[in-house]
Amino acid sequence: MDLGRLLQDEHSNSPQALIERSRRPGRSMGSFARALEDFFTFRGLALPTDQSERLAAGRRKRRVDAVPEPLRPAVIAFDASRMRAQDRARRAGTRPRSDHTLETALATMRDLALFLMNHRAKTDWALVDVHDAEAFLVTLPKGRKRRLTVLRQFFRFARSQKMVLVDPTRTLTAKESNGFRGRTLTLDQQRELFRRWTTEAQVHPHEALLGMFALLHGASSSDIRLLQIADVNPLAQTVRLGKRPHPVPLDPASWAVLLRCLDHRDGWRTDNPHVMVTKGTKAGRSPASTAYLSHVLDDCGYPPRMIRSTRLVDLVNTMDPKLVAAAFGMTAESTLIYLADHIDDGRLPNP
């Protein structure tokens with residue numbers, strides 16, 4: 001009905017025009033517009049819309065608008081310079097900063113500006129000193145390294161623009177190790193989750209798929225989100241996950257969970273190539289949203305990262321970290337953080 005209305009009005013009926021006129025105003029373009037975009041772009045009849053860029057711009061604007069007025073112009077200039085750098089990197093074919101990275105930096109600057117106004121009574125960036133920066137970093141100890149990186153970038157920019165005379169972060173250090181500090185599951189908790197995902201029929205197939213693959217194969221939410229039908233080999237009972245160089249062989253329990261998820265997908269009668277299909281993606285070809293994946297395991301009570309970290313910690317501490325890195329498509333340095341900070345008693349010489 002919506003498509004018929006668009007085809008019968010007085011405007012152009014070209015694929016690109018149909019996509020633009022079908023878009024809803026606001027933060028979501030609507031499921032109908034997404035379906036048209038997927039249909040036409042997949043067949044090479046239209047170009048993708050700028051919806052993701054619009055949403056990213058809106059998120060950045062909300063963060064900048066939350067900065068107190070006296071400190072806002074510098075943050076606006078900082079954001080503009082980073083957007084220009086992102087555009088240059090894209091044109092040069094190098095790796096630009098992601099929208100998430102830019103938004104996280106703006107969120108940090110928003111929090112710093114509010115801290116300066118509310119707790120330090122400072123309304124000018126030129127008045128910020130090392131004690132102010134240190135007091136702000138102390139408010140979130142676990143985020144110190146990430147926040148300090150953003151503060152250094154901002155004050156280098158501000159100094160280059162003559163907004164400040166001295167960089168207050170120059171003498172600060174991260175003061176944290178790169179070791180793993182996350183939570184992991186106990187053996188009883190792992191057994192409980194395994195039984196939940198293999199025996200309880202009321203558990204949603206998406207929860208069982210993400211949970212089992214994280215628990216047994218160390219798969220990330222992104223691995224499962226981007227998993228496609230073409231990555232599944234039914235004869236060998238293997239799947240290709242993320243950047244792993246080799247197919248991952250599945251045990252019978254994991255294979256049964258995957259088949260259950262595929263049966264759930266068949267109920268949507270969709271052409272979407274991904275294994276995990278939702279109501280919002282069944283009419284198109286895009287993967288499930290990251291927001292959806294972040295809540296898939298809510299009912300089991302444990303976040304995906306905690307479950308995956310449990311598997312990685314176990315593998316790295318019982319095998320060679322280099323072998324784990326090669327099998328998972330990770331760098332050797334990224335697996336070293338999971339090494340436990342102890343030595344088994346059996347490996348020490350007798351005194």
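This text goes with the structure placed above it.
In every chain, residue numbers begin from 1 and rise along the written sequence. Whole-chain, interface and lining totals are the exception, using all residues; otherwise, since this is a predicted model, local features are given only for residues with pLDDT of at least 70 and side-chain atom pairs are given and counted only at 80 or more. Calculation of side-chain values draws on the structure's entire complement of heavy atoms; hydrogens and water are dropped beforehand.

Student: Would you mind showing me how to read helix 3 (residues 31-42) here?
Tutor: In an α-helix, one turn spans 3.6 residues, which is why side chains three or four residues apart end up on the same side. To qualify as a helix, a DSSP run of H or I must reach at least 4 residues; to qualify as a strand, a run of E must reach at least 2; elements of each kind are numbered from the N terminus. By this rule the span expected of a helix is its residue count minus one, scaled by 1.5 Å. Its 12 residues give helix 3 an end-to-end C-alpha distance of 16 Å, which sits within 8% of 16 Å, the value for a rise of 1.5 Å per residue. Buried means the residue's accessible area, taken with a 1.4 Å probe over protein chains only, is under 20% of the maximum for its type, while exposed means over 50%, and partly exposed covers the values in between. When we look at burial in helix 3, the residues that qualify are Ala-33, Ala-35, Leu-36, Glu-37, Asp-38 and Phe-40. Looking one or two residues beyond helix 3, the residue adopting positive phi is Gly-44, at roughly 70 degrees.

Student: When you look at the packing of aromatic side chains in this model, what are you seeing that I'm missing?
Tutor: When we look at a pair of aromatic rings, we describe it by the centre distance and by the angle of the planes. Geometry of aromatic contacts follows a simple scheme: Phe, Tyr and Trp rings, the Trp one being its six-membered ring, pair when their centres are within 6.5 Å, and the pair is stacked under 30 degrees between planes, edge-to-face over 60, tilted otherwise. Using the criterion set out here, one finds 7 aromatic pairs in the structure. Judged by centre distance (5.3 Å) and plane angle (75 degrees), the ring pair of Phe-39 and Phe-40 falls under edge-to-face. Taking the relative accessible area as the measure of exposure, Phe-39 reaches 38% and is therefore partly exposed. According to the relative accessible area criterion, Phe-40 is buried, its value standing at 10%. Seen from their ring centres, Phe-115 and Phe-136 are 5.8 Å apart, and the 55 degrees between their planes marks the pair as tilted. A residue pair is termed long-range when its members are at least 10 positions apart, and Phe-115 in helix 6 (residues 99-119) and Phe-136 in helix 7 (residues 130-138) qualify at 21 residues. Per residue, the accessibility class of Phe-115 equals that of Phe-136, and both read buried. Taken together through their ring pairs, the aromatic side chains of Phe-78, Trp-125, Phe-154, Phe-155 and Phe-157 make up a single cluster.

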